[in-house]
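Reading the structure
The residues making up each chain are set out below.
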Amino acid sequence: MFLAHVGKPTKIKKIVYLAAFMFLGLLLSLNVHSLLEVAYLELAARHNLVVHFYDICALPPFIQILLPIVGIILGFYFGLYWWRKIYIERCLDKLCIKN
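Residues numbered from 1 in each chain as written. Predicted model: local features only at pLDDT ≥ 70, side-chain atom pairs only at ≥ 80, totals over all residues. Heavy atoms only, no water.

1. Topic: helix α1 (residues 11-46)
What counts is decided by this rule: Secondary structure is summarised from DSSP: a helix means a run of H or I of at least four residues, a strand means a run of E of at least two, and numbering begins at the N terminus for each. Any helix carries an expected span of 1.5 Å times its number of residues minus one. Every residue pair with non-hydrogen atoms within 4.5 Å of one another is taken to be in contact.
With 36 residues, α1 extends 52 Å between its outermost C-alpha atoms, agreeing within 8% with the 52 Å of an ideal straight helix rising 1.5 Å per residue. Here the buried face of α1 lies against α2 (61-88). Following α1 by one or two positions, Asn48 adopts a phi angle in the positive range, close to 55°.

2. Examining the packing of aromatic side chains
Here is the rule: When the centres of two rings from Phe, Tyr and Trp lie within 6.5 Å, Trp using its six-membered ring, the rings pair. Their planes under 30 degrees apart give stacked, over 60 give edge-to-face, and anything left gives tilted. For the exposure calls, accessible area comes from a 1.4 Å probe over protein chains only, and a residue counts as buried if that area is under 20% of its type's maximum, exposed if over 50%, partly exposed in between.
What the rule picks out here adds up to 6 aromatic pairs. Relative to Tyr87, the ring of Trp83 has its centre 4.2 Å away and its plane inclined at 25°; by these criteria the two rings are stacked. With a gap of 4 residues between them, Trp83 and Tyr87 both fall in helix α2, about one helical turn apart. Accessibility classification places Trp83 together with Tyr87 in one group, the buried group.

3. Considering a nonpolar patch on the surface
What counts, and what does not: The patches reported here contain residues having more than 30% relative accessible area and no salt bridge. Joining distances are 9 Å for like charges and 5 Å for nonpolar side chains (Val, Leu, Ile, Met, Phe, Trp, Tyr). To measure how exposed things are, a 1.4 Å probe is used in the Shrake-Rupley method; for residues, cover is taken only from the protein chains shown. One side-chain nitrogen of Lys or Arg within 4 Å of one carboxyl oxygen of Asp or Glu is enough to make a salt bridge.
Together, Leu66, Val70, Leu74, Phe78, Tyr81 and Trp82 make up a nonpolar patch on the protein surface, roughly 550 Å² of accessible area in all. Along the chain, Phe78 falls in helix α2. Under the relative-accessibility criterion, Phe78 is labelled partly exposed at 47%.

4. A few points about the confidence of the model for the protein chain
Detailed conclusions should not be drawn from predicted coordinates in areas where pLDDT is low. Worth spelling out the cut-off: Confidence scores here are pLDDT values: one per residue, from the predictor, ranging 0 to 100.
Taken residue by residue, the protein chain gives an average pLDDT of 88. The fraction at 70 or more is 86%. Within the protein chain, no element has a lower average pLDDT than strand β2 (residues 95-96), which sits at 64, and none a higher one than α1, at 96.

So, in structure tokens, the structure goes:
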């Protein structure tokens, strides 16, 4: 497997790794936002409800703010989890090598 040797954990690797996971969490939260908005608009159209738009988005502002924040926070915690699994515990392919 190409991840058989992951190298030594360093501080800069950890920072880059966590930043990448936080960015991934932000991108996934944007996908969730769009899926929620499409589902909400389809539901409103099906039931002939009036939709109030906040600027260009139909979701309330607290959801617009909450989703990216939750995505970044979850990305941080998933990054910490996988950092521990890959660099500290060295768990690759169900093979864990303790340092």
